[in-house]
Amino acid sequence: MAICRSKAWLAKMVTSAWWVHSNQVSKKAPTGEYLTTGSFMIYGKKNFLPPMTLEMGFGILFRLDDICVNKHISDRKDK
């Protein structure tokens, strides 16, 4: 999601994103270093995704309780 909010998105660039595990991200700088407001420190290996055209989609996922499904089992018929 972060790459879709970057300058690369506005420029319609072909670029690659990367991801890390949550335990690799910190808001605290190592001793003797300084992080600006809103910055994060990334430790360890960055896992790069292959470069591609930037696209963003939106989806909604919902789940029905089993009780609700049983009440409406006959509402939808296969054609």
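Data block above holds the structure.
Residues numbered from 1 in each chain as written. Predicted model: local features only at pLDDT ≥ 70, side-chain atom pairs only at ≥ 80, totals over all residues. Heavy atoms only, no water.

Counting its regular elements, the chain contains two helices and six strands. Reading the chain from its N terminus to its C terminus gives the helix and strand order α-β-β-β-β-β-β-α. Taken along its principal axes, the extent of the C-alpha atoms in the chain is 65 × 30 × 25 Å. Counting every position in the chain, which comprises 79 residues, the buried fraction comes to 9%. Look at the contacts in the chain between residues 6 or more apart in sequence, and 54% of them connect residues 24 or more apart. When the accessible surface of the chain is summed, it comes to about 7,900 Å², and 58% of that surface belongs to carbon and sulfur atoms. Here the chain holds 12 positive side-chain charges and 6 negative ones, and the gap between their average locations is 10 Å. (Helix = DSSP H or I, 4+ residues; strand = E, 2+ residues; numbered from the N terminus. Buried < 20%, exposed > 50% of the residue type's maximum accessible area, 1.4 Å probe, protein only. Contact = heavy atoms within 4.5 Å. Areas by Shrake-Rupley, 256 points an atom, 1.4 Å probe, with all protein chains shown as cover. Lys, Arg positive; Asp, Glu negative; His and termini not counted. Charge placed at Lys NZ, Arg CZ, Asp CG, Glu CD.)

With that settled, the discussion passes to the side chain of glutamine 24. Along the chain, glutamine 24 turns up in the loop between strand E2 (18-19) and strand E3 (25-26). In this structure glutamine 24 comes out as buried when scored by relative accessible area, which is 12%. One polar contact links the side chain of glutamine 24 to the main-chain amide nitrogen of histidine 21, over a distance of 2.9 Å. (Polar contact = N/O pair within 3.5 Å; in protein donor to acceptor, adjacent residues only side chain to side chain.)

Looking now at a nonpolar patch on the surface. The grouping of Phe58, Ile60, Phe62, Leu64, Val69 and Ile73 at the surface amounts to a nonpolar patch, some 750 Å² of accessible area in total. Checked against the element boundaries, isoleucine 73 lands in the segment after helix H2 (66-71). The exposure class of isoleucine 73 is exposed, given its relative accessible area of 60%. (Patch = residues over 30% accessible without salt bridge, like charges linked within 9 Å, V, L, I, M, F, W, Y side chains within 5 Å. Salt bridge = Lys/Arg side-chain N within 4 Å of Asp/Glu carboxyl O.)

On to the side chain of asparagine 47. Looking at where asparagine 47 falls in the secondary structure, it is placed in strand E5 (residues 47-48). A residue is classified by how much of its surface remains accessible, and asparagine 47, at 17% relative accessible area, is buried. Not counting residues up to four positions away in its chain, the partners in contact with asparagine 47 are Ala17, Trp18, Trp19 and Val20.

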